[in-house]
Amino acid sequence: MPTRATSKGLQRCGLILTLLLGAGFARAAAEVEGTLVTVEDKSVRGIIRYKISSKAYIVKTTGAGAAAIEFEIPLAQVKSVTVAEPAAELRPAIQQVRAGKLPSAIATLDKLAQEYALLQWDVPATHWLAEAYLRDGKPEQAVRACERVIDKRPDAALAGELIPTYWLALQAAGRNNKLDELLTAASQSA
């Protein structure tokens, strides 16, 4: 028979689990049709998603009349990933940023940036998300959004479309030491 302390502990664990799941603790990654190219230049086409916990892509393929085959390719073995643009959501959200309709654009872009993590469209979604936060006077949130991508793609801090927005966000947030560090690294890189 469980003791009173055990019962309370189980109730707390259940409550914590309910709160975490209810708050969207583990946001679902997008599963999209696309092509993955390995570092050995092997191309694989199928339904692709990125699994953050194992730092690997999960690819599901089907052959003519065959059962679906699902396999994992570690991030370090992937050269590139090409998937369809979430045009139904991304383009309207970008238009909302341009039109100054920031709250709804922020919600959509944040969702896309997280769902498409390491699936090509996380960077443009984050670029526009950070832009929206800057226009809304929230530079710290813009920095955090950029750093979510940079944590997974360290090269994004020094190359690509995210740089100007990230650097402006750092400057607006008063994080000049970090900005100086990145500018120095960029000037010393190819």
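Residues numbered from 1 in each chain as written. Predicted model: local features only at pLDDT ≥ 70, side-chain atom pairs only at ≥ 80, totals over all residues. Heavy atoms only, no water.

**Q** Sorry, what's going on with the pattern of salt bridges here?
**A** Note that side chains of opposite charge can pair when their charged atoms are close. Using the criterion set out here, one finds 14 salt bridges in the structure. Between D122 and R153 there is a salt bridge, with its nearest N and O atoms 3.0 Å apart. With a gap of 31 residues between them, D122 in helix 4 (residues 122–135) and R153 in the loop between helix 5 (139–152) and helix 6 (163–172) connect regions that are remote in the sequence. In this structure D122 comes out as buried when scored by relative accessible area, which is 3%. Between E147 and R175 there is a salt bridge; the shortest N-O distance is 3.4 Å. In this pair, E147 sits in helix 5 while R175 sits in the loop between helix 6 and helix 7 (176–188), placing the two residues 28 residues apart along the sequence. Connected through salt bridges with shared partners, the residues E31, R49 and E70 form a single ionic network. (Salt bridge = Lys/Arg side-chain N within 4 Å of Asp/Glu carboxyl O. Helix = DSSP H or I, 4+ residues; strand = E, 2+ residues; numbered from the N terminus. Buried < 20%, exposed > 50% of the residue type's maximum accessible area, 1.4 Å probe, protein only.)

**Q** Please clarify how the sheet that holds strand 5 (residues 78–83) should be interpreted in this entry.
**A** Backbone hydrogen bonds are what pair the strands of a sheet, in a parallel or an antiparallel way. Pairing is antiparallel in the open sheet, where five strands are placed in the order 4-3-2-1-5. Because the sheet does not close on itself, it has two edges, and the strands there are strand 4 (68–74) and strand 5. Taken pair by pair, the neighbouring strands of this sheet meet at an average axis angle of 40 degrees, ignoring direction. Here strand 2 (residues 43–51) pairs with strand 3 (residues 56–62) via five bridges, running antiparallel. Looking across to strand 3, one finds that K51 is bridged to A56. (Pairing = 2+ DSSP bridges. Axes fitted to C-alpha atoms, helices over the stretch in contact; angles between N-to-C directions.)

**Q** What should I look at first to understand the environment of D180 in this one?
**A** Mapping D180 onto the fold places it in helix 7. Linking D180 and L170, residues 10 residues apart in sequence, is a C-alpha distance of 9.8 Å.

**Q** What's the story with the environment of T35 in this structure? I'm lost.
**A** By the element assignment, T35 lies in strand 1 (residues 32–38). It is 5.9 Å that separates the C-alpha atoms of T35 and V81, two residues lying 46 residues apart in sequence. Setting aside chain neighbours within four positions, we find T35 in contact with S43, V44, R45, I48, S80, V81 and T82. A polar side-chain atom of T35 sits 2.9 Å from a polar atom in the side chain of R45. (Contact = heavy atoms within 4.5 Å. Polar contact = N/O pair within 3.5 Å; in protein donor to acceptor, adjacent residues only side chain to side chain.)

**Q** Which parts of the structure should I look at to understand helix 3 (residues 102–115)?
**A** At 3.6 residues per turn, the α-helix brings residues three or four places apart onto the same side. With 14 residues, helix 3 should cover 20 Å at 1.5 Å per step; its first-to-last C-alpha distance of 20 Å lies within 8% of that length. The secondary structure elements touched by the buried residues of helix 3 are helix 2 (87–99), helix 4 and helix 5. (Expected span 1.5 Å × (residues − 1).)

**Q** Explanation requested: the packing of helix 2 against helix 4 in the structure shown.
**A** For any two helices packed against each other, one specifies the crossing angle of their axes together with the interaxial distance. Closest axis-to-axis distance for the helix 2/helix 4 pair is 10 Å, and the angle between their directions is 25 degrees. In terms of their interaxial angle, helix 2 and helix 4 are classed as roughly parallel. Once helix 2 is placed against helix 4, the crossing between them reads as left-handed. Here helix 2 contributes L90, I94, V97 and R98 to the contact with helix 4, which in turn contributes A125, W128, E131, A132 and R135. Along the lines of polarity and charge, the residues of the contact of helix 2 with helix 4 split into six nonpolar, no polar and three charged. (Parallel < 35°, antiparallel > 145°, perpendicular 65-115°, else oblique. Left-handed = near helix turned anticlockwise from the far one by under 90°. Nonpolar A, V, L, I, M, F, W, Y, C, P; charged D, E, K, R; others polar.)

**Q** Where do I start with the packing of helix 5 against helix 6 in this structure?
**A** Contact pair helix 5 / helix 6: the axes reach a minimum separation of 8 Å and the direction vectors enclose 140 degrees. Classified by the angle between their axes, helix 5 and helix 6 sit oblique to one another. Of the two possible hands of crossing, helix 5 and helix 6 adopt the one that is left-handed. Taken together, the residues of helix 6 that come into contact with helix 5 (itself represented by P139, A142, V143, C146, E147 and I150) are Y166, A169, L170 and A172. In the contact of helix 5 with helix 6, the residues fall into nine nonpolar, no polar and one charged.

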